[in-house]
Amino acid sequence: MPPYPHTKLFSDSRRTVVLSGPHIQVLDTQSGRILHSTANFAPDTDAPINSGPIRCSGMSRDGRYLATTGDDKRLKIWDLESLSILTARELPKKPTTIEFSSNTDILVSDKFGDVFRYALHPNNEPVEEQAAGDALSSHENPSSGELILGHASLLTSCLLTLDEKFIITADRDEHIRVSWYPEGYVIESYCLGHKKYVSAIHIPVVSPARLISGGGDLELKVWDWMTGRLQQNITIFPAVEPFIRVTVPNIRRELLGDDDEEPVKSRGRRTNAGKERRRNNASLEPEDSGSQQPLEGSNATSNIVFVVRRISSFLSGAENHVVFSVVGATAIFEFILAESHNQPDIRHYDFGKPVIDFTVCGEGTIWVLLDVRFLEESNAHNEHPHKLVQVAQWSTDKFIDAGSSMLLDSLNTICSLPAAAEDLQALDLYSDLSSLPKSIDGEQGGRVLERLKSSHEPQEDEPTEESASVSVGLTKRALGRLKHKRALDQLHHEKAGDCNISAPGAKKMKADSENELHSMQYEKQII
């Protein structure tokens, strides 16, 4: 039985915490001995496995507490001394990031665009009264969360500045906002310049006045975040592209747009199984793979979706090194963040398997979590083809293998937990590749709509839209989009013939149609 891949690792000089699917394991950093593990919980215990895979997590600054959330949208606070649950609170929407402040307050950003603050130890005031009193919240909070700020789009990243006087948030609609903390309604600046979603932001410890951001654009951006001024664009895509091994089949994603609805099989009642089908989406997850299996290469039905996964930094000598990873890439990448605005050299260290996440410990020690289910021919040169964790060490001008340690051996052996095929399938490790890009967008959207029109517009002797959609497996929402566009086209042609509509009017109708499609797609993202 294959093991759970490790999805998150926290480590300090005393203890190391590793997350694997729904499980939490606490180890002694020096000896590698397992101190606590949810895998040893009794079956009737309210174990995290009942919440499904851990989607978001964060550790307190002192390493004492861990916050996790799963598919049940419950914020669980763990005391790592005993791995016991202190509190479990319901969240209003699915979270995207969890951040601890220095006084152990917990900040949670969510897919509705809000950031809430929760106390480590909640008070006993009635939840209904507190929720009703928060008139600024875009949705009710069932657990007495204090609204800090809100965006109009899905939040992807959230962090506090080093002095905790400001909070920086990034969203799916290319925005980065710098707000006061905790008075999030006071906006200090915007960092505007991204053309696609922003998925990762980072403030280097040795350069706290600068912010590094990345996402779907082909470069990283360096900002003076206090003023919002763009200091530098660092091109990274040419260095990263050769190592991207996970691609997303695009034809079904472009045609259907939404992945949580069943194809139209008849006019009968639709079953309520959308969430389960999302996990079993055949276009991303072959049934026999037991997971969202990465696809090698690129072909007629696949394309590269670029998503920066994480950005971090470390100091080596007098040089500030920036490290980043990309979803589906098999390497980590590094460059020196200098005062000059010249394009730096992008160096890499290839592991031969997709990098799930990484953690920087100390000066240039990188703990990298790998998806060992991905095996390719090039792994013949890899000395550790089946290791869940590898450690790279910066040495002068490149990364080298850091060698073995008791902690590393434990992470790759006794911390390896078996997983059933359906459990691996539920991990959804590469969901950012399909959830962050907008399915119908710009030039690509035009090609998709044209393909739909030419492929499915019935002729006089052809079946109707409904019967034709059965054969191609269109969802009800995709079929609705198609009908909507055809109706707009017909209306446009009629008015153009009768009233001689000008070109600007036609452009407006087209824009209205595209906005409607974007709006329907965004509704699904926030649920």
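Below or above, wherever it landed, is the structure these notes cover. Remember, predicted model here, so these are calculated numbers, not experimental data.

Looking now at the environment of Asp 357. Structurally, Asp 357 is set in strand E27 (residues 355-361). For the pair Asp 357 and His 6, spaced 351 residues apart in the sequence, the C-alpha separation amounts to 8.7 Å. Excluding anything up to four places from it in sequence, Asp 357 contacts Thr 7, Lys 8, Arg 309, Arg 310, Trp 367, Val 368 and Leu 369. Among the polar contacts listed, one links the side chain of Asp 357 to the side chain of Arg 310, at a separation of 2.5 Å.

Glancing now at the sheet that holds strand E12 (residues 146-150). Spatially, four strands are ordered E9-E10-E11-E12 in an open sheet, and the strand pairing comes out antiparallel. On the outer flanks of this sheet lie strand E9 (95-100) and E12, each paired with one strand and no other. Each adjacent strand pair in this sheet contributes to an overall mean axis angle of 20°, direction not counted. Pairing between strand E11 (residues 114-118) and E12: four bridges, direction antiparallel. When the bridges of E12 are listed, Val 115 appears paired with Leu 149.

Looking along a regular strand, one sees the side chains alternate between the two faces of the sheet. E27 sits mainly inside the fold: six of its seven residues count as buried. Inspection of the sheet shows E27 paired to strand E28 (residues 365-370) by six bridges, in the antiparallel sense. Paired with Phe 358 across the bridge in E28 is Val 368. Between the end of E27 and the start of E28, which pair antiparallel, lie three residues, with Gly 362 showing a positive phi angle near 75°.

On inspection of all chains with the given rule, the structure shows 11 aromatic pairs. For the pair Phe 116 and Tyr 118, a centre-to-centre distance of 6.5 Å together with 45° between the ring planes defines the contact as tilted. The class for Phe 116 is buried, based on a relative accessible area of 1%. Look at Trp 394 and Phe 399: their rings are 5.0 Å apart centre to centre, the planes differ by 80°, and that puts the pair in the edge-to-face class. The exposure classification of Trp 394 matches that of Phe 399, with both residues buried.

Criteria and thresholds
Residues numbered from 1 in each chain as written. Predicted model: local features only at pLDDT ≥ 70, side-chain atom pairs only at ≥ 80, totals over all residues. Heavy atoms only, no water. Helix = DSSP H or I, 4+ residues; strand = E, 2+ residues; numbered from the N terminus. Contact = heavy atoms within 4.5 Å. Polar contact = N/O pair within 3.5 Å; in protein donor to acceptor, adjacent residues only side chain to side chain. Pairing = 2+ DSSP bridges. Axes fitted to C-alpha atoms, helices over the stretch in contact; angles between N-to-C directions. Buried < 20%, exposed > 50% of the residue type's maximum accessible area, 1.4 Å probe, protein only. Phe/Tyr/Trp six-rings, centres within 6.5 Å; stacked < 30°, edge-to-face > 60°.

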